[in-house]
Amino acid sequence: GAVVSQHPSWVICKSGTSVKIECRSLDFQATTMFWYRQFPKQSLMLMATSNEGSKATYEQGVEKDKFLINHASLTLSTLTVTSAHPEDSSFYICSARTAGEGGYTFGSGTRLTVV
Amino acid sequence: AQSVSQHNHHVILSEAASLELGCNYSYGGTVNLFWYVQYPGQHLQLLLKYFSGDPLVKGIKGFEAEFIKSKFSFNLRKPSVQWSDTAEYFCAVSGGYNKLIFGAGTRLAVHP
């Protein structure tokens, strides 16, 4: 089945630095990917829709300049958390729409801790 | 814009009890509906989905859900829960632009 590989699985960074999270579709082409964040014991909140070759579409309230999304190829989307602060600490998950049975395939997530 | 509402935030049951978790959505067009489960410390797992056809959908681990279009509902059911069903359950809806929107989740605790 369709697999989405997300890296890193966890990262710790200092306040003020930037962190890049990668999401790759391994055996299919993903023209659209989605980025979510999940706070502890809460639901997945859609941050943005990543479109190959064009600008991402951000959900209301999500800072475009803080969460930079790049979808330069049909198999890779990246999320860069710029000038990270402790309140950005969260679990970030990517997802791709698939034509298969599941409808959507999720990455394994990245736990970001900003210290 | 689409939205999803899960009525029960926290449910506690004894083993063998029946389960029904409510899910209502708001969207004017055709929707695809999903239930996901997240076990403690693990990632999302698809329980079942509805795209079209028979509104009664059977999923894995004995779960089923019924799509009632007139009520904009997609409730999850299981006749007899087990301790291993302790997890968080998320209803999700995909409508316009293929965005998958999640409900707030229901935390289920099953006591032996």
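Let me sum up the structure you'll find in this document. (Residues numbered from 1 in each chain as written. Chains lettered and ligands numbered in written order. Predicted model: local features only at pLDDT ≥ 70, side-chain atom pairs only at ≥ 80, totals over all residues. Heavy atoms only, no water.)

**Some words on the overall build of chain A**
Okay, so step 1: When its secondary structure is counted, chain A shows zero helices and 11 strands.
Okay, so step 2: Helices and strands in chain A line up, N terminus first, as β-β-β-β-β-β-β-β-β-β-β.
Okay, so step 3: A globule of 115 residues ought to have a C-alpha radius of gyration of about 13 Å, and chain A, at 13 Å, matches this closely.
Okay, so step 4: If you line up chain A on its principal axes, its C-alpha atoms span 40 × 30 × 25 Å.
Okay, so step 5: For chain A, with 115 residues in total, the buried portion stands at 51%.
Okay, so step 6: By sequence separation, contacts in chain A at least 24 residues apart represent 53% of the contacts at least 6 residues apart.
Okay, so step 7: Element-wise, carbon and sulfur atoms account for 53% of the exposed surface of chain A, whose accessible area totals about 5700 Å².
Okay, so step 8: Between the centroid of the 10 positive side chains of chain A and the centroid of its 9 negative side chains there is a distance of 5 Å. (Helix = DSSP H or I, 4+ residues; strand = E, 2+ residues; numbered from the N terminus. Rg over C-alpha atoms; globule rule 2.2 N^0.38 Å. Buried < 20%, exposed > 50% of the residue type's maximum accessible area, 1.4 Å probe, protein only. Contact = heavy atoms within 4.5 Å. Areas by Shrake-Rupley, 256 points an atom, 1.4 Å probe, with all protein chains shown as cover. Lys, Arg positive; Asp, Glu negative; His and termini not counted. Charge placed at Lys NZ, Arg CZ, Asp CG, Glu CD.)

**A word on the overall build of chain B**
Okay, so step 1: Within chain B, the regular secondary structure consists of zero helices and 12 strands.
Okay, so step 2: Ordering the α and β elements of chain B from the N terminus gives β-β-β-β-β-β-β-β-β-β-β-β.
Okay, so step 3: In terms of C-alpha radius of gyration, chain B reaches 13 Å, essentially the compact-globule figure of 13 Å for 112 residues.
Okay, so step 4: By its C-alpha atoms, chain B is 40 × 30 × 20 Å across when sized along the principal axes.
Okay, so step 5: Sequence-distant contacts, at least 24 apart, represent 54% of the contacts inside chain B between residues at least 6 apart.
Okay, so step 6: Accessible area for chain B stands at about 5400 Å²; split by element, carbon and sulfur atoms hold 53% of it.
Okay, so step 7: Side chains of chain B give 9 positive and 7 negative charges; the mean places of these two sets differ by 7 Å.

**Digging into the sheet that holds strand β1 (residues 4-7) of chain A**
All names here are of chain A.
Okay, so step 1: Overall, antiparallel pairing links the four strands, which are arranged β1-β3-β8-β7 in an open sheet. The sheet is open, and its two borders are formed by β1 and β7 (67-73), each paired with just one other strand. In this sheet, neighbouring strand axes are inclined to one another by 15 degrees on average, regardless of whether the strands run parallel or antiparallel.
Okay, so step 2: Taken together, the six bridges between strand β3 (residues 19-25) and strand β8 (residues 76-81) define a ladder with antiparallel strand orientation. Directly across from V19, in β8, lies its bridge partner V81. (Pairing = 2+ DSSP bridges. Axes fitted to C-alpha atoms, helices over the stretch in contact; angles between N-to-C directions.)

**Digging into the state of the cysteines**
Okay, so step 1: A complete count under the given rule lists two disulfides over all chains for this structure.
Okay, so step 2: Between the sulfur atoms of C23 of chain A and its disulfide partner C94 of chain A the distance amounts to 1.9 Å. As the torsion about the S-S bond is roughly 75 degrees, the C23 of chain A-C94 of chain A disulfide counts as right-handed. On the criterion of sequence distance, the pair formed by C23 of chain A in strand β3 and C94 of chain A in strand β9 (residues 90-97) is long-range, its members being 71 residues apart.
Okay, so step 3: Each sulfur of the disulfide joining C23 of chain B and C91 of chain B lies 1.9 Å from the other. The sign of the -65 degrees torsion about the S-S bond sets the C23 of chain B-C91 of chain B disulfide as left-handed. Within this pair, whereas C23 of chain B is found in the loop between β3 (19-21) and β4 (24-26), its partner C91 of chain B is found in strand β10 (residues 87-94), the two being separated by 68 residues in sequence. The pair C23 of chain B / C91 of chain B is uniform in exposure class, with both members buried.
Okay, so step 4: Summary of cysteine pairing: C13 of chain A is not part of a disulfide, and the nearest cysteine sulfur, belonging to C94 of chain A, is at 18 Å.
Okay, so step 5: With relative accessibility at 8%, the residue C13 of chain A sits in the buried group. (Disulfide = S-S within 2.5 Å.)

**What about the interface of chain B and chain A?**
Okay, so step 1: If you look at the interface, chain B gives 20 residues, while chain A gives 18 residues.
Okay, so step 2: Linking chain B with chain A are one salt bridge, by the criterion used here.
Okay, so step 3: E59 of chain A serves as the salt-bridge partner of K99 of chain B, at 3.0 Å between the closest nitrogen and oxygen.
Okay, so step 4: Summed over the shared surface of chain B and chain A, the result is six residue pairs in polar contact (both at pLDDT 80 or more).
Okay, so step 5: Elements with a contribution of two residues or more to the side of chain B that touches chain A: β5 (32-38), β6 (44-50), β10 and β11 (100-102) of chain B. (Salt bridge = Lys/Arg side-chain N within 4 Å of Asp/Glu carboxyl O. Polar contact = N/O pair within 3.5 Å; in protein donor to acceptor, adjacent residues only side chain to side chain.)

**Thoughts on the pairing of strand β4 (residues 32-38) of chain A**
All names here are of chain A.
Okay, so step 1: Here β4 lies mainly inside the structure; six of its seven residues are buried.
Okay, so step 2: Pairing of β4 with strand β5 (residues 44-51) involves seven bridges; the strand directions are antiparallel. Bridge assignment links F34 to a residue of β5, and that residue is T49.
Okay, so step 3: Once β4 ends, the chain turns through five residues before running back antiparallel as β5, passing K41 with a positive phi of about 60 degrees.

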